[in-house]
Amino acid sequence: TAHALQDGWLHTGDVGLIDGAGCIQITDRKRDLIVFSGGDNCSPQRVEGILALEPEIAQVMVYGDRRPHLVALLVPDADFARSYARKHRLPNDLASLIEDAGFRRAIGEAVKRANQSLSVIERVRQFRLMAEPFTIENGLMTPTLKLKRQRICRLHDELIAGLYESRQRA
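Residues numbered from 1 in each chain as written. Predicted model: local features only at pLDDT ≥ 70, side-chain atom pairs only at ≥ 80, totals over all residues. Heavy atoms only, no water.

So what exactly am I meant to see when it comes to a nonpolar patch on the surface here?
The grouping of W9, I18 and I24 at the surface amounts to a nonpolar patch, some 340 Å² of accessible area in total. Within the secondary structure layout, I24 lies in strand β4 (residues 24–29). Using a relative accessible area of 55% as the deciding quantity, one classes I24 as exposed. (Patch = residues over 30% accessible without salt bridge, like charges linked within 9 Å, V, L, I, M, F, W, Y side chains within 5 Å. Areas by Shrake-Rupley, 256 points an atom, 1.4 Å probe, with all protein chains shown as cover. Salt bridge = Lys/Arg side-chain N within 4 Å of Asp/Glu carboxyl O. Helix = DSSP H or I, 4+ residues; strand = E, 2+ residues; numbered from the N terminus. Buried < 20%, exposed > 50% of the residue type's maximum accessible area, 1.4 Å probe, protein only.)

Sorry, what's going on with the sheet that holds strand β8 (residues 70–76) here?
Within a sheet, neighbouring strands are paired by backbone hydrogen bonds and run either parallel or antiparallel to one another. Here three strands make up an open sheet; going across it, the order is β7-β8-β9 and the pairing mixed. This sheet does not close on itself; its edge strands, each paired only once, are β7 (57–63) and β9 (124–129). This sheet shows a mean twist of 30° between the axes of neighbouring strands, independent of strand direction. Relative to β8, β7 runs antiparallel, the two sharing six bridges. Of the residues in β8, the one forming a bridge with M61 is L73. (Pairing = 2+ DSSP bridges. Axes fitted to C-alpha atoms, helices over the stretch in contact; angles between N-to-C directions.)

Honestly, it's all geometry; don't read function into it.
Encoded structure:
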């Protein structure tokens, strides 16, 4: 108790702010853990690392805080995309490729392979392909190449919400 209560504050490991009305708003976690709606938790970096080991996937951001399961925003690997486009005689344009059902299925197979290495709660159930990578220049990565989760979530909040409404499974 003494460790959790310091200087009149309850130290929960959350990051937040006090708004104009004096209410506390939780905006992030100090330790980067996803806590599901059922109370289970997982490390997003572990899941992202396993997914990114698949040759078809370059970048991953998983989401699931206060939700029943994980979803992911995936950036396809550029070499894989080029090779797929050449093999299937499609334009070598990522924005066009992510709309191709066959290309999405190929990435889905990579997600299925990665999911086999993950526990049931860590498995990605839905995903969306992104045409633009997460970079320092677009403000979605830090200079140390860590994802800016809050910014990505704010930028793609409707997309993420749609993944929870979608019936398509990974």
